[in-house]
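Single-letter residue listing:
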Amino acid sequence: MRKVEHIGIAVKNLEASISLFEKLLDTACYKIEKVESEKVTTGFFQKGETKIELLESSDKEGVIAKYIDKRGEGIHHIAFAVDDIESEMKRLKAAGFVLLNEKPTPGADNKLVCFLHPKNTNGVLIELCMEKS
Ligand code: ZN
């Protein structure tokens, strides 16, 4: 793993949270993107090498809607950049971590992603992400 690529934050209202984070970070949101497969709409901010990804559910049955129902708004996941997602997935699986998807799936911001089950990571949802070539 190379670095923290982004931190994902679950929000109820993306538009309101984008204005809030634009004020907080003094930076404009550079991209709003819908990820149909995950039923989320995302908003991205770049700060130095790290990004903030705001996630609003686009469906009340979506994972972000369920997360907010259970735990409220807040930090949802930490994403690490990897150079070779398949080999990193193999390495982590062999080390006893539980992958939430068996194959890398398309994520927001031109990435291939894989999530690790938080039960083996001190309750933190971890995302691996690799830039699509
Ligand atoms: Zn993410």
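As a starting point, this report considers the structure included with it. Note that this is a predicted model, so its numbers are computed, not measured.

### Looking at the overall build of the chain
Item 1. Looking only at helices and strands, the chain has three helices and eight strands in total.
Item 2. Along the chain direction, N to C, the helices and strands of the chain fall in the order β-α-β-β-β-α-β-α-β-β-β.
Item 3. For the chain, whose C-alpha radius of gyration is 14 Å, the value lies close to the compact-globule estimate of 14 Å for 133 residues.
Item 4. In terms of principal-axis extent, the alpha carbons of the chain reach across some 40 × 30 × 25 Å.
Item 5. Of all intrachain contacts in the chain linking residues separated by at least 6 positions in sequence, the fraction that spans at least 24 positions is 52%.
Item 6. Looking at the chain as shown, the accessible area adds up to about 7,700 Å², and 52% of this sits on carbon and sulfur atoms.
Item 7. Seen as two clouds, the 20 positive and the 22 negative side-chain charges of the chain have centres 4 Å apart.

### A look at helix α3 (residues 85–94)
Item 1. Looking only at α3, the buried set comprises Ile 85, Glu 88, Met 89 and Leu 92. The buried side chains of α3 occupy one side of the element, clustering within an arc of 100 degrees when seen end-on. Exposed and oriented more than 90 degrees from the buried face of α3 are Lys 90 and Ala 94.
Item 2. Looking at the buried side of α3, the elements it contacts are β7 (111–116) and β8 (126–131).
Item 3. The N-cap residue of α3 is Asp 84: its side-chain oxygen and the backbone nitrogen of Glu 86 are 3.2 Å apart.
Item 4. Gly 96, located one to two residues past α3, shows a positive phi value of around 100 degrees.

### Section: the coordination of the zinc ion
Item 1. Around the zinc ion, the donor atoms from the protein are His 6 (NE2), Glu 53 (OE), His 77 (NE2) and Glu 127 (OE), and they sit 2.1 to 2.2 Å away.
Item 2. One can describe the site at the zinc ion as irregular: its four donor atoms subtend angles covering 84 to 169 degrees at the metal.
Item 3. Glu 127 sits in the buried class, given a relative accessible area of 5%.

### A closer look at the pairing of strand β2 (residues 31–35)
Item 1. In the sheet, β2 pairs with strand β3 (residues 40–47) via five bridges, with the strands oriented antiparallel. Considered in β3, the bridge of Glu 33 is made with Thr 42.
Item 2. Count of turn residues in the β2/β3 antiparallel hairpin: four residues, of which Lys 39 carries a positive phi of about 55 degrees.

### Thoughts on the pattern of salt bridges
Item 1. Using the criterion set out here, one finds 11 salt bridges in the structure.
Item 2. Of the charged contacts, one joins Lys 31 and Asp 109 as a salt bridge, the two residues approaching to 2.6 Å between their closest N and O atoms. Of this pair, Lys 31 sits in strand β2 while Asp 109 sits in the loop between β6 (105–107) and β7, placing them 78 residues apart in sequence.
Item 3. Of the residues examined, Asp 109 reaches a relative accessible area of 7% and is grouped as buried.

Calculation notes
- Residues numbered from 1 in each chain as written.
- Predicted model: local features only at pLDDT ≥ 70, side-chain atom pairs only at ≥ 80, totals over all residues.
- Heavy atoms only, no water.
- Helix = DSSP H or I, 4+ residues; strand = E, 2+ residues; numbered from the N terminus.
- Rg over C-alpha atoms; globule rule 2.2 N^0.38 Å.
- Contact = heavy atoms within 4.5 Å.
- Areas by Shrake-Rupley, 256 points an atom, 1.4 Å probe, with all protein chains shown as cover.
- Lys, Arg positive; Asp, Glu negative; His and termini not counted.
- Charge placed at Lys NZ, Arg CZ, Asp CG, Glu CD.
- Buried < 20%, exposed > 50% of the residue type's maximum accessible area, 1.4 Å probe, protein only.
- Arc of directions from axis to C-beta.
- Polar contact = N/O pair within 3.5 Å; in protein donor to acceptor, adjacent residues only side chain to side chain.
- Donors = N, O, S within 2.8 Å, 3.2 Å for Na, K, Ca; no water.
- Tetrahedral: all angles 85-135°; square planar, octahedral: opposite > 155°, others 65-115°.
- Pairing = 2+ DSSP bridges.
- Salt bridge = Lys/Arg side-chain N within 4 Å of Asp/Glu carboxyl O.

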